[in-house]
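Overview (structure and organization)
Here's the letter readout for the chains.
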Amino acid sequence: MDTNVPVIGIQNLTRRYGRHDAVDGLSLTVRRGKCYGFFGRNGAGKTTTIKCLLNLLRPNSGTVRVFGLDPQKHETTVKARLTYVPDQVAFYPWMTVGETLEYLASFRAHWNRDTEADLLRRFQLDPSKKTQGLSKGQRTQLALIGAICPGPELLVLDEPTSGLDPIVRREFIETVIGAYQSGDPEQRTVFVSTHLISEFEGLIDEFTIIDQGRELLTMESDAARNRFKKIRARFSQETKLGLNGALRVKQGGRELEVLADGNSDKLLSEIKAHQPEELKVEALSLEEIFVVSDVLKKSNA
Amino acid sequence: MTEDNSMLLQIDFKSGSPVYLQLVDQIRYAAASGGLRAGEPLPSIRALAEELRVNRNTIARAYEELERQGITESIPGKGCFLNESQSPYTKTARQKILIKKIDEAVVTAHHLQAGREEFLSLAGDRLNFFERKLKGKDNPKN
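We now examine the nonpolar core. Membership of the largest hydrophobic core comes to 72 residues, with the highest contact counts inside it found for Phe207 of chain A together with Tyr63 of chain B. Residue contacts for Phe207 of chain A: discarding those within four places in its chain leaves Tyr36, Gly37, Phe39, Leu217, Thr218, Met219, Glu220, Ser221, Ala224 and Leu286 of chain A. In terms of nonpolar packing, the next biggest core, distinct from the first, is built from 25 residues, Ile10, Cys52, Leu154 and Val156 of chain A among them.

Below, the structure is given as structure tokens:
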């Protein structure tokens, strides 16, 4: 297995619905062993992109590669090596939890029975219960067990935790970290689309923010938190500052809030020159970076 | 997933410092301040990753860095243990702890409008006070 081939490679992907460009020239690369976040508002093109990875949709133009393979030509090979948890999971209602897992396992070359038993216990899912009686949270848990037990090289999650209660969400993420990443983490790649970013913050190595089908920002998480800073200051009297190059400035009376994009040192020295009473600098979390990314769009334009 | 020797590690995404380095610093701090003793194991990568909800690669990277710095030693199949030997980093780590405390005092002094002379003189007084106290008790403890 060639470890240099990216697990996901997307080049200039475009996919239209009628005249509407759902995805418009998107490129991104997911390296082996990474957890990659795919952030965007509803309708930004996240699910369309994921469906192109799984050959559920065909691109209008551009190339999509999964494990270096074209999912249109090598659909079974690609699908044998990945699993997918969609935002809406559905099972055959007449099957029990145990039968559903049995059914899913029948399509797979490998199925980890110990993990299955562990997770059923952890989620307190009764194998003899019919799937039609499951809550939304339990359905997602069942889908997650089904996605983890084959031990896939790639786990694709599309808005996996939206609509779930906080405890189920937390357990979901702990399970991805614990059960999925166990064994050889180098062989475990995660691609997760979400707008509940703060919960996944510690998990995400690298991310792309997508907006109206286009890439807005791609960065490693640590580098992003180092680049975007929020500076808050209070002065003893009303003070007007130039603050050229700030991403955004909010000023009200003696209070000042500045967003810095890689230039916090320069902005800080300008603020310090006016001797603030109080000065605080903090990194933006990934969620805050996502929220301010529309400012970025304007400054790029 | 509870570990006996939970070191109360915490990640602060707002610090802007890489997550693995935050862990390295906190474990070095725990080692230097006695929160973690020689021969004691670090939590397993999986347990710590789940607890902090942080990628396992990040924990693994922090543990590799600690080993590279000579703070810990990994024993295959058993886990990571704090080294017996005094590493050359311990002094730096100790100074870092001390600097943090001194900084707090300096900030307090500034707020209370105590000048440099007054601060240094008070610090000298306190050092003398504790030295006298130790001598008085004839306590050979270092």
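Quick look at the packing of aromatic side chains now. Residue and element names in this part refer to chain A. What the rule picks out here adds up to seven aromatic pairs over all chains. On the numbers, 5.3 Å between centres and 35° between planes, the contact of Phe38 with Phe191 is tilted. Taken together, the positions of Phe38 in strand 3 (residues 35-39) and Phe191 in strand 7 (residues 189-194) put the pair 153 residues apart, joining distant regions of the chain. Residue Phe38 is classed as buried on the basis of its relative accessible area of 0%. A relative accessible area of 0% means that Phe191 is categorised as buried. Centroid distance Tyr92 to Tyr103: 5.7 Å. Interplanar angle 75°. Geometry classified as edge-to-face. Residue Tyr92 is found in the loop between strand 5 (82-85) and helix 3 (97-105), and its partner Tyr103 is found in helix 3; the two are separated by 11 residues along the sequence. Here Tyr103 falls in the partly exposed class, since its relative accessible area comes to 33%.

All names here are of chain A. Between its first and last C-alpha atoms helix 5 (residues 136-148) spans 18 Å; for 13 residues at 1.5 Å apiece the expected length is 18 Å, and the two agree. Burial of helix 5 is extensive: 10 of the 13 residues sit out of reach of the surface. Turning to helix 5, its buried residues number three or more, namely Gly137, Thr140, Gln141, Leu142, Ala143, Leu144, Ile145, Gly146, Ala147 and Ile148. Buried residues along helix 5 sit in contact with strand 5, helix 3, helix 4 (113-122), strand 6 (154-158) and helix 6 (166-180).

Residue and element names in this part refer to chain B. Split into domains, chain B comes out as domain 1 (13-82) and domain 2 (89-137). Centre-to-centre separation of domain 1 and domain 2, based on C-alpha positions: 30 Å. Considering only the surface of domain 1 that becomes buried against domain 2, Arg28, Tyr29 and Ala32 emerge as the three largest contributors, covering 68% of it. Across the domain 1-domain 2 interface, the total number found is one salt bridge. In this structure, the connection of domain 1 to domain 2 is made through zero residue pairs in polar contact (both at pLDDT 80 or more). Class assignment for the residues of the side of domain 1 that touches domain 2 results in three nonpolar, two polar and two charged.

Scoring rules and cut-offs
- Residues numbered from 1 in each chain as written.
- Chains lettered and ligands numbered in written order.
- Predicted model: local features only at pLDDT ≥ 70, side-chain atom pairs only at ≥ 80, totals over all residues.
- Heavy atoms only, no water.
- Core = buried A, V, L, I, M, F, W, Y, C linked by side-chain atoms within 4.5 Å.
- Buried < 20%, exposed > 50% of the residue type's maximum accessible area, 1.4 Å probe, protein only.
- Contact = heavy atoms within 4.5 Å.
- Phe/Tyr/Trp six-rings, centres within 6.5 Å; stacked < 30°, edge-to-face > 60°.
- Helix = DSSP H or I, 4+ residues; strand = E, 2+ residues; numbered from the N terminus.
- Expected span 1.5 Å × (residues − 1).
- Domains from an automatic or database assignment.
- Buried area = accessible area lost by both parts, 1.4 Å probe.
- Salt bridge = Lys/Arg side-chain N within 4 Å of Asp/Glu carboxyl O.
- Polar contact = N/O pair within 3.5 Å; in protein donor to acceptor, adjacent residues only side chain to side chain.
- Nonpolar A, V, L, I, M, F, W, Y, C, P; charged D, E, K, R; others polar.

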